[in-house]
Amino acid sequence: MARHYHTAIVGGGLAGLLAACDLARSGIRAVILEAGKETGGRARTKKVDGFRFNQGPHALYLKGTFRAALDNLGIQYSGSKPAIDNAVTLWGKQKHPFPTGFGSLLRLTPLGLLERVQVAKLLMRIVRGDYSLAGQSLDDFTQYFRPRVKMLLEALVRVTTYVNAPAEIDAQAALNQIRLSLGGVIYLNDGWGSLVAALTTLATTSGADVMTESRVTGLTWESAGWHLGVADREEITADTVILAIDPAECARLAGRSAILRDTLRSMKPAKVACLDIALSELPRPADNFALGTDEPIYFSVHSKAARLAPEGNALIQAMRYLGRNEKAGPGNIETLENLVDLMQPGWRAVEIHRQQLVGMTVMHDIPQARNGGRRVPVILDDTPGLFLAGDWVGGQGMLSDAVAASAKFAAKAVCMHLGGIEKDLPASVARLS
Ligand SMILES: Cc1cc2nc3c(=O)[nH]c(=O)nc-3n(C[C@H](O)[C@H](O)[C@H](O)COP(=O)(O)OP(=O)(O)OC[C@H]3O[C@@H](n4cnc5c(N)ncnc54)[C@H](O)[C@@H]3O)c2cc1C
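Residues numbered from 1 in each chain as written. Predicted model: local features only at pLDDT ≥ 70, side-chain atom pairs only at ≥ 80, totals over all residues. Heavy atoms only, no water.

Colleague: Mind showing me how you'd approach the packing of aromatic side chains here?
Modeller: Aromatic rings in a pair are described by how distant their centres are and how their planes are angled relative to each other. Applying the stated criterion across every chain yields a total of six aromatic pairs. Ring centres of Tyr-162 and Tyr-321 lie 6.1 Å apart, and the angle between their planes is 70°; on these two criteria the pair is classed as edge-to-face. Taken together, the residues span a long stretch of sequence, with Tyr-162 in the loop between helix H5 (147-161) and helix H6 (171-181) and Tyr-321 in strand S17 (residues 314-322) at a distance of 159 residues. Accessibility classification places Tyr-162 together with Tyr-321 in one group, the buried group. Look at Trp-221 and Trp-226: their rings are 5.2 Å apart centre to centre, the planes differ by 70°, and that puts the pair in the edge-to-face class. Since its relative accessible area comes to 43%, Trp-221 is described here as partly exposed. Judged by its relative accessible area of 2%, Trp-226 falls in the buried class. (Phe/Tyr/Trp six-rings, centres within 6.5 Å; stacked < 30°, edge-to-face > 60°. Helix = DSSP H or I, 4+ residues; strand = E, 2+ residues; numbered from the N terminus. Buried < 20%, exposed > 50% of the residue type's maximum accessible area, 1.4 Å probe, protein only.)

Printed below as a string of structure tokens:
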């Protein structure tokens, strides 16, 4: 006989883990079905000779929904803010100071006086939250800006959102993300895998089953329950299902939802090419951070702020934000190697390991101006009992903050749905719903 759960969560990345923790802690019988050998998805960390490779550069927004969710669950983590004392913006190959605060605007070369005034006014507006731009693209918003101010703003949007699509991204969402970043970010000691491990342990100790190497291959609704076909395992049945996977896989499993099918047609992912390099030493210890303005590139020595490399060694991150229609390929890596040459000349002689991730999806759907920044909803009205969670779902936040917001909402929606069909639920569920 098939094993039965109140909720089956497909996908054991951050979205699935967060939803499972919320549900299991309320007494809901939940199972995570994860295709991979381990949980974590894009938040995994690979350990190689004492180096910790995240899936590309990851920073935790201190004022974000994800951080709040971790604190609420009692998840422990540690880390530090990026070392940006000596940070630079790149204009061609020229290095200029990075704007770290209002004081630094005075020496914000290569901008002239009028441009600095425009940047200062813009930053004041962002700090105050004095803008109402939903439905406008970043390009719409910046069309009358001086060219170098526009370039600087686009660079700040890229570094905070990972999105290189000024014609498509919703300006309200973009500026909100810069505003969020003013609350600070940290790089995590031991990498984001430490969060994955803690969330997996919490889900399990709270009563959820976590099944890895369990790819869900089919999802059907039959005789008042969901039936999940799982590769090489027995079928699972559940009253409700949360799909915490990528949109294409969702469409394969839940193609009968017209809402989902329609949304998929207009999705715009944010993609990057990453080069992470482990070094036996850092050739230029003071040069830790650079952000391209005329080129969509990023450089940061994450091990300077967080425990990601053995003592005396270093782990550096270089990244290119891929634009619309830009093909991911080996050329991206060459560009990134040139960037590292500029920031850390001599690195090639001290390279120990590297990780290349070309064409990585950071967010499956960006908040688009044409949709007023909204993405597919958590609750699919045309498919009762089926819910979505991930960085492409819901109207709140971006990146792992969108993940946390949608996962929390999905867990709550599950409770309400289960309450409606009056299953044998613990009293705590009634409180949640
Ligand atoms: C390069 C890069 C940099 C990033 N930087 C940041 C950052 O600085 N700050 C930030 O907040 N966020 C950042 N992010 C985003 C963050 O990592 C993701 O938003 C988050 O990890 C997504 O979690 P998820 O659970 O929604 O999806 P995923 O992590 O993709 O998890 C989905 C899981 O579902 C599993 N799966 C798929 N199909 C099936 C199936 N049929 N059956 C069972 N399991 C299945 C997959 O194996 C996977 O484990 C970054 C991402 C990348 C790639």
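Colleague: What am I meant to see in the site of the ligand here?
Modeller: Not every one of the 36 residues close to the ligand is listed here, only the nearest: Glu-34, Arg-42, Ala-59, Glu-249 and Ser-400. The contact in question runs from an oxygen atom of the ligand to an N or O atom on the side chain of Glu-34, over 2.7 Å. Relative to its unbound accessible surface of 1000 Å², the ligand loses 94% to contact with the protein. In a pocket analysis with a 2 Å cut-off to the grid points, the ligand is assigned to the largest pocket. For the shell around the ligand, the secondary structure elements donating two or more residues are helix H1 (14-25), strand S14 (270-279), strand S18 (351-363) and helix H12 (399-420). Split by residue class, the shell around the ligand holds 19 nonpolar, twelve polar and five charged. When residues of the shell around the ligand are assigned to domains, at least three fall in each of domain 1 (3-43 + 193-266 + 368-432) and domain 2 (45-53 + 268-363). (Near = heavy atom within 4 Å. Polar contact = N/O pair within 3.5 Å; in protein donor to acceptor, adjacent residues only side chain to side chain. Areas by Shrake-Rupley, 256 points an atom, 1.4 Å probe, with all protein chains shown as cover. 1 Å grid on protein atoms, 1.4 Å probe; cavity = no way out; pocket = protein on both sides within 12 Å on 5 of 7 lines; lining within 4 Å. Sits in = over half its atoms within 2 Å of the grid points. Nonpolar A, V, L, I, M, F, W, Y, C, P; charged D, E, K, R; others polar. Domains from an automatic or database assignment.)

Colleague: Help me understand the layout of surface pockets, please; the structure alone is not making it clear to me.
Modeller: The rolling of a water-molecule-sized probe over the atoms marks out the regions of remaining empty space. Its volume calculated, the largest pocket comes out at about 950 Å³. Contributing to the lining of the largest pocket are 46 residues, with Gly-13, Gly-40, Gly-41, Arg-42 and Ala-43 lying nearest its centre. Those elements giving two or more residues to the lining of the largest pocket turn out to be H1, S14, S18 and H12. Of the residues that constitute the lining of the largest pocket, the class distribution is 23 nonpolar, 14 polar and nine charged. Viewed by domain, the lining of the largest pocket spans two of them, domain 1 (3-43 + 193-266 + 368-432) and domain 2 (45-53 + 268-363), each represented by three or more residues. Here the second largest pocket defines a volume of roughly 740 Å³. In terms of lining residues, the second largest pocket is bounded by 28 residues, among which Ile-84, Phe-98, Thr-160, Ser-181 and Leu-182 are the most central. (Points joined across faces, edges and corners; volume = space filled by probe spheres on them.)

Colleague: How should the side chain of Ser-303 be read in this particular structure?
Modeller: With respect to the element layout, Ser-303 can be found in helix H10 (residues 302-305). With a relative accessible area of 17%, Ser-303 lands in the buried category. Polar side-chain contacts of Ser-303 include one of 2.8 Å to the backbone nitrogen of Leu-315. Not counting the four nearest positions on each side in its chain, Ser-303 is found in contact with Leu-308, Ala-309, Asn-313, Ala-314 and Leu-315. (Contact = heavy atoms within 4.5 Å.)

Colleague: Explanation requested: empty space enclosed by the protein in the structure shown.
Modeller: In this structure the tally under the stated criterion is three cavities of 30 Å³ or more. Here the largest cavity defines a volume of roughly 70 Å³. Contributing elements (two or more residues each) for the lining of the largest cavity: H1, helix H2 (65-73) and H12. Among the residues making up the lining of the largest cavity, the classes are represented as five nonpolar, one polar and two charged. One number sums up the size of the second largest cavity: a volume of about 50 Å³. In this structure, the second largest cavity is lined by Leu-138, Glu-154, Val-157, Arg-158, Val-163, Asn-164, Ala-165, Pro-166 and Ile-169. In terms of residue count, the dominant contributor to the lining of the second largest cavity is H5 (three residues). For the lining of the second largest cavity, a count of residues per class yields six nonpolar, one polar and two charged.

Colleague: Please clarify how the sheet that holds strand S16 (residues 297-300) should be interpreted in this entry.
Modeller: Backbone hydrogen bonds hold the strands of a sheet together, and the pairing may be parallel or antiparallel. Spatially, the seven strands line up as an open sheet ordered S8-S7-S15-S16-S17-S14-S18, and their pairing is mixed. Of all strands in the sheet, those bounded by a partner on one side alone are strand S8 (94-97) and S18. Ignoring which end each strand starts from, the neighbouring axes of this sheet average 20° apart. Relative to S8, strand S7 (residues 88-91) runs antiparallel, the two being bridged by four bridges. Pairing of Leu-90 across the sheet is with Lys-95, part of S8. Of the strands in this sheet, S7, strand S15 (289-292), S16, S17 and S18 touch H5, which is tilted by about 120° from S15. Against the sheet, helix H11 (residues 330-343) contacts S7, S8, S14, S15, S16, S17 and S18, and its axis sits at roughly 130° relative to S17. (Pairing = 2+ DSSP bridges. Axes fitted to C-alpha atoms, helices over the stretch in contact; angles between N-to-C directions.)

Colleague: What should I look at first to understand the pairing of strand S2 (residues 30-33) in this one?
Modeller: Put simply, side chains in a regular strand alternate between the two faces of the sheet. Here S2 shows a buried face lined by Ala-30 and Ile-32 and a second buried face lined by Val-31 and Leu-33. Pairing between strand S1 (residues 3-10) and S2: four bridges, direction parallel. Paired with Ala-8 across the bridge in S2 is Val-31. Read from S1 through H1 to S2, the crossover connection turns out right-handed. Two elements, S2 and strand S10 (residues 209-211), share three bridges in a ladder whose sense is parallel. Across the sheet, the residue bridging to Leu-33 is Met-211, located in S10. (Right-handed = clockwise from strand over helix to strand, strands pointing away.)

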